[in-house]
Amino acid sequence: MTSRDVPTSPDEDAATHADHYRRHQVRTLILAAIAFAASAPGQSFLISVFVDDFIAGTGLTRTCFSGLYAAGTVVSAAAMMVLGRLVDQRGLRVAWLVVAAALAAACGLASIATGAVLAFLALALLRTSGQGSFTLVGTLLVARSFERRRGQAVAAANLGLTVASVGLPPLVAFLIVTTDWRTAYQILAIVMLVVVLPLGLLVRPAPPRRPSTPENSARDAPEPSFPAPVRRTRRGLPDLPTAIATRLLLVLAAPPLIGTAVIFHAVSILDQRGIGYLAAGGVIGVLGATSALGVVVAGALVDQLRTRTALLLLSSTILAGTLVLLVPVALAAYVSFAVLGLGMGSVGVVNGTVWARTFGTGQLGRVQGMAQSSMITAAALAPLIPALSLSLTGTHQPGIVLLAVTAGTAVLLATGAPGRGRRDRGTARP
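These numbers were taken from a predicted model, which means no experiment stands behind them. Residue indices begin from 1 for each chain and proceed along its sequence in written order. For a predicted model such as this one, the threshold for reporting local features is a pLDDT of at least 70, and the threshold for listing and counting side-chain atom pairs is 80 or more; totals across whole chains, interfaces and linings nevertheless cover every residue. Water and hydrogen atoms play no part in the side-chain values, which are based on all heavy atoms of the structure.

S.K.: How would you sum up the overall build of the protein? Please name residues and give values.
M.R.: Secondary structure summary: the protein contains 16 helices and two strands in total. Relative accessible area decides the class of each residue, using a 1.4 Å probe on protein chains only: under 20% of the type maximum gives buried, over 50% gives exposed, and in between gives partly exposed. The buried share among the 430 residues of the protein stands at 48%. Numbering of helices and strands runs from the N terminus; a helix is a DSSP stretch of H or I covering at least four residues, while a strand is a stretch of E covering at least two.

S.K.: Now, about the packing of aromatic side chains: what can you tell me, with residues and values included?
M.R.: When the centres of two rings from Phe, Tyr and Trp lie within 6.5 Å, Trp using its six-membered ring, the rings pair. Their planes under 30 degrees apart give stacked, over 60 give edge-to-face, and anything left gives tilted. Scanning all chains against the criterion turns up five aromatic pairs. On the numbers, 5.1 Å between centres and 40° between planes, the contact of F54 with W181 is tilted. Of this pair, F54 sits in helix α2 (residues 44–58) while W181 sits in helix α7 (residues 181–199), and the two are 127 residues apart along the sequence. Taken individually, F54 and W181 each receive the classification buried, so the pair is uniform in this respect. Summarising the aromatic geometry, the rings of W181 and Y185 are spaced 6.3 Å apart at their centres and angled 80° between planes, so their arrangement reads as edge-to-face. Placement of both W181 and Y185 in helix α7 is noted, with a separation of four residues, approximately one turn of the helix. Accessibility assignment for this pair places W181 and Y185 in one class, buried. Every member of this aromatic cluster is reached through a ring pair, and the members are F50, F54, W181 and Y185.

S.K.: Can you lay out the confidence of the model for the protein for me, pointing to particular residues and giving the numbers?
M.R.: Mean pLDDT over the protein stands at 80; residues scoring 70 or higher make up 84%. Element-level pLDDT for the protein is lowest in helix α8 (residues 214–219), with a mean of 42, against a maximum mean of 95 in α7. Taken as a whole, residues 211–238 scores under 50 in pLDDT and shows 51 contacts with residues more than four places along the chain or in a different chain. Every residue is assigned a pLDDT by the predictor, reflecting its confidence on a scale from 0 to 100. Residue contacts are counted whenever heavy atoms from the two residues lie within 4.5 Å of one another.

S.K.: Describe the nonpolar core, with residues and values.
M.R.: Within the largest apolar cluster, 88 residues are counted, with the highest numbers of intra-cluster contacts made by W96, F134, Y185 and W355. Among buried residues, the Ala, Val, Leu, Ile, Met, Phe, Trp, Tyr and Cys ones that are joined through side-chain atoms within 4.5 Å form a nonpolar core. V262, A266, L287 and I400 belong to the second-largest nonpolar core, a separate cluster that totals 23 residues.

S.K.: Tell me about the side chain of S76, residues and numbers included.
M.R.: Its place among the elements puts S76 in helix α3 (residues 62–90). Excluding residues that lie within four positions of it along the chain, S76 makes contacts with R127, T128, Q131, G132 and I376.

S.K.: Give a detailed account of the packing of helix α9 (residues 242–264) against helix α12 (residues 307–325), specifying residues and quantitative values.
M.R.: Axes, fitted as lines to C-alpha atoms, cover a helix only where it is in contact. Angles between the N-to-C directions of the axes lie from 0 to 180 degrees. Contact pair α9 / α12: the axes reach a minimum separation of 10 Å and the direction vectors enclose 30°. Accordingly, the angle class assigned to the pair α9 and α12 is roughly parallel. Crossing handedness for the pair α9 and α12: left-handed. When α9 is examined against α12, the residues L248, V251, L252, P255, I258 and V262 are found in contact with a partner set consisting of L311, L314, S315, I318, T322 and L325. Throughout this entry, Asp, Glu, Lys and Arg are counted as charged residues, while Ala, Val, Leu, Ile, Met, Phe, Trp, Tyr, Cys and Pro are counted as nonpolar. The remaining residues, Gly among them, count as polar. In terms of residue class, the contact of α9 with α12 is built from 10 nonpolar, two polar and no charged. Roughly parallel refers to an angle under 35 degrees, roughly antiparallel to one over 145, roughly perpendicular to one between 65 and 115, and oblique to any angle outside these ranges. By the definition used in this description, the sense in which the near helix is turned from the far one sets the handedness, with an anticlockwise turn below a right angle giving left-handed and a clockwise turn giving right-handed.

S.K.: Report on helix α4 (residues 92–111), specifying residues and quantitative values.
M.R.: To estimate the expected span of a helix, count its residues, drop one, and scale the result by 1.5 Å. Its 20 residues place the ends of α4 28 Å apart at the C-alpha level, agreeing with the 28 Å of an ideal helix rising 1.5 Å per residue. All of the buried residues in α4 are L92, A95, W96, V99, A100, L103, A104, A106, C107, L109, A110 and S111.

S.K.: Give a detailed account of the environment of L313, specifying residues and quantitative values.
M.R.: Residue placement: L313 occurs in helix α12. By relative accessible area, which is 46% here, L313 ends up partly exposed. Measuring from C-alpha to C-alpha, the distance between L313 and G343 comes to 8.8 Å, with 30 residues separating the pair along the chain.

S.K.: Summarise helix α14 (residues 364–381); cite the residues concerned and give the values.
M.R.: Helical periodicity: at 3.6 residues per turn, an α-helix aligns residues three or four positions apart in one direction. For α14, with 18 residues, the first-to-last C-alpha span of 26 Å sits near the 26 Å given by 1.5 Å per residue. With respect to burial, α14 is a largely interior element, 15 of its 18 residues being buried.

S.K.: Help me get a handle on the environment of L250, residues and values and all.
M.R.: Checked against the element boundaries, L250 lands in helix α9. Taking C-alpha positions, L250 is 9.0 Å from A414, a pair spaced 164 residues apart along the chain.

S.K.: Please set out the packing of helix α13 (residues 330–359) against α14 residue by residue, giving values where relevant.
M.R.: The N-to-C vectors of α13 and α14 enclose an angle of 145°; their axes lie 10 Å apart at closest approach. Judged by the sense of rotation from one axis to the other, the crossing of α13 with α14 is right-handed. Contacts between α13 and α14 involve V347, N351, G352, W355, A356 and F359 on the former and, on the latter, L364, V367, Q368, M370, A371, Q372 and M375.

S.K.: Account for a nonpolar patch on the surface, naming residues and giving values.
M.R.: Each patch is built from residues lacking any salt bridge and having more than 30% relative accessible area; the joining distance is 9 Å for like charges and 5 Å for nonpolar side chains (Val, Leu, Ile, Met, Phe, Trp, Tyr). Under the convention used here, a 1.4 Å probe and the Shrake-Rupley method define accessible areas, while residue burial counts only the protein chains that appear. Here, a salt bridge means any side-chain nitrogen of Lys or Arg that lies within 4 Å of a carboxyl oxygen of Asp or Glu. Taken together, I187, I190, V191, L193, V194 and V195 make up a surface patch of nonpolar side chains, about 500 Å² in accessible area. Within the secondary structure layout, L193 lies in helix α7. Residue L193 is classed as partly exposed on the basis of its relative accessible area, which comes to 47%.

Set out below in structure tokens:
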């Protein structure tokens with residue numbers, strides 16, 4: 001009798017399955033962190049390094065470039081619904097390969113862009129495949145492989161983006177100085193094709209958590225909770241309980257709307273608080289530091305909190321930061337940006353947790369894609385609020401009041417969010 005023929009006990013079988021599942025989770029977490037980091041070419045922090053050279057090289061005005069950038073971001077928001085369907089139908093492995101190829105193409109197109117048309121296509125593809133799609137892929141990788149510690153896993157994966165935001169801008173700036181901006185984009189395209197795209201082949205379906213037995217089936221029975229599973233409409237869109245889905249969408253869209261509005265016009269807002277250009281960079285740096293802290297704190301807490309409690313804390317943090325910004329003194333601005341940073345760091349973790357917790361994972365691609373689309377749309381429209389406030393009144397105060405009202409509304413909506421939500425259900429392709 002060979003070793004393979006020796007029967008194993010249920011405990012040994014369960015231990016083997018648990019070991020396989022843990023290895024799968026580690027691999028998935030690493031891939032998710034890479035996905036978040038790989039989104040960098042489409043993120044504002046890296047595009048900003050190219051802006052001046054991009055404008056000069058394409059012959060656009062700064063106003064025209066800003067308009068194209070906003071329009072490209074809106075395209076990105078719409079595309080998230082399509083990507084969500086692709087994930088549910090073809091799996092995360094196919095989605096990774098498609099997104100990496102698209103981001104490589106976007107970098108290549110940006111490297112040859114001249115004029116408004118090519119510039120718009122490049123920006124739209126950068127924002128869609130980078131800022132939108134790769135972050136969605138990273139979120140779904142974690143959400144489908146983690147249950148009890150999903151919040152911690154989402155936070156750990158988000159640190160890939162944090163590391164990229166710190167390390168890549170100076171590296172890319174060095175490439176631009178030593179070569180030129182078009183060559184830098186070509187190098188990014190090559191990295192996407194040679195390094196990032198093949199990693200998609202490592203994406204695997206999650207193995208069963210443990211062997212199916214009557215004992216553990218009873219132990220793993222879903223928690224009683226909120227309504228019905230997600231169904232498909234005739235057009236293939238997620239048919240969610242409208243009231244709950246709307247509340248979650250609005251609550252989670254408020255932080256990126258408010259944060260983007262403040263960050264985009266940070267220099268101008270801080271100037272009205274008596275903070276000069278160089279000092280403004282330090283204030284923005286405070287926001288970046290507390291944003292990283294927010295990721296860690298949210299990861300540690302969100303799994304221990306009810307969905308309603310997590311959303312209330314997130315919305316209250318954003319509201320507090322916005323209200324403090326209304327105080328027209330320099331110290332208040334520092335405090336405000338620090339508090340807003342905590343909220344901005346937390347929102348990605350909360351968003352990556354509450355949808356699967358509330359609606360399960362059976363059609364999570366569609367559901368998470370809809371959430372991502374909502375958040376990106378809010379961020380795209382956000383800069384208009386301070387801009388209109390300044391142009392119509394000569395000050396940012398009315399715009400900040402409107403942002404505070406938005407945050408307060410999110411707090412009220414969060415009070416009606418579901419309590420805990422059910423555990424994950426359903427299976428998904430890799």
